[in-house]
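The chain contents come next:
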Amino acid sequence: MPDRSGTAAPGRVVHITSLANPVVKEIRGLSLGKNRKESGLFLAEGLKLVADAVEAEWRIRYLVHAARVANEALVERLSTVARARGADIVSVSEAVLGKIARRENPQAVIGVFEQRLTRADDVHPRETDVFIALEAIRDPGNLGTIVRTADAVGAAGVILVGDTVDPFSVEAVRATMGSIFHVPLTRANPAEFEALRARWPGTVVGTHLVATADYRKADYRGPVLLVMGGEQAGLTPALAKACGTLVRIPMAGKADSLNLAVATGVMLFEILRDRLRIDG
Ligand code: SAM
């Protein structure tokens, strides 16, 4: 095993064509939540995305690439950096790549990275920060879209409250379009979240379909903790009660509610309206 600590020993360079190879099995296995939990690793697909992650100093364990792109300048450069940091460089056949990615026409480069999740105790908001708390979010596409939107508006982090979907699932990572590497993620159980809320120095605003306050009229004094409910049940009564303010996004038509990721986007652009203004 390469030394992953501090100054890592260079990783190995291997070429694999067999689906039965244990490295292939290990990497392929990361599409299952149980294996991601045990190993603390996850998959990210695409040359640009993997290069961005490495540049952002995420710890890489394996750099997998199609044998056909081995001599491309960007892949060579990325391989050199990843290897120097202790990652194994795994060159594979098209068949093996397709199996690892579990899709047709897979990306030619896949990275295996160490997960990063902070604890609620580690969240120390500055006055201008906006954090998004997601209670019991279940849909990986929604989570990925919210992380991507959080990145786009410069939010300080996303806090996963209670029993939520795995942010490092392949579907969630894909939906972030690379923003998973730029938005800090925190996991908190309800008690840990309550402790964070209790010491929150600014506004804690929840979104609720039965709220009477219009989201455009609320005072978003920083730092802001925006609390969103889950897709099925919405905000639990306990969390709704814990929010200093509850707001609603008015709707016309017959829809009962907005999609969670859409509602989060609408809220973020309102909270950050002044900061995101582009003056002509
Ligand atoms: N059946 C759920 C309920 O009754 O709350 C619907 C949940 S909705 C799909 C998911 C989350 O998006 C809500 O908990 C809320 O945080 C937010 N949301 C969706 N539409 C909203 C609206 N019009 N106003 C405020 N929040 C909204």
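Structural data are supplied above this passage.
**A closer look at the pairing of strand 3 (residues 60-66)**
With respect to burial, strand 3 is a largely interior element, six of its seven residues being buried. Of the strand pairs in this sheet, strand 3 and strand 5 (residues 109-114) are connected by five bridges, and their pairing is antiparallel. Bridged to Leu63 within strand 5 is Gly111. As judged from the five bridges shared by strand 3 and strand 4 (residues 88-92), these two strands associate in the parallel manner. Its bridge partner being in strand 4, His65 is matched across the sheet by Ser91. In terms of handedness, the path from strand 3 via helix 4 (residues 73-84) over to strand 4 forms a crossover that is right-handed.

**Thoughts on the sheet that holds strand 1 (residues 13-16)**
With mixed pairing, the five strands of this open sheet are ordered in space as 1-4-3-5-2. Two strands lie at the open edges of the sheet, namely strand 1 and strand 2 (41-45), each paired on one side alone. The mean angle between the axes of side-by-side strands here comes to 20°, regardless of whether they run parallel or antiparallel. Sitting on the sheet, helix 3 (residues 47-55) touches strand 2, strand 3 and strand 5, and the angle it makes with strand 5 is about 30°.

**Structural notes on helix 3**
Taken together, the buried positions of helix 3 are Leu49, Val50, Ala53 and Val54. Down the axis of helix 3, the sector holding all buried residues measures 135°, keeping them to one side. Along helix 3, exposed side chains directed more than 90 degrees from the buried face belong to Lys48 and Glu55. Buried positions along helix 3 lie against strand 2, strand 3, helix 4 and strand 5. Of the residues one or two after helix 3, Glu57 is the one with positive phi, at around 70°.

What counts and what doesn't
Residues numbered from 1 in each chain as written. Predicted model: local features only at pLDDT ≥ 70, side-chain atom pairs only at ≥ 80, totals over all residues. Heavy atoms only, no water. Buried < 20%, exposed > 50% of the residue type's maximum accessible area, 1.4 Å probe, protein only. Helix = DSSP H or I, 4+ residues; strand = E, 2+ residues; numbered from the N terminus. Pairing = 2+ DSSP bridges. Right-handed = clockwise from strand over helix to strand, strands pointing away. Axes fitted to C-alpha atoms, helices over the stretch in contact; angles between N-to-C directions. Contact = heavy atoms within 4.5 Å. Arc of directions from axis to C-beta.

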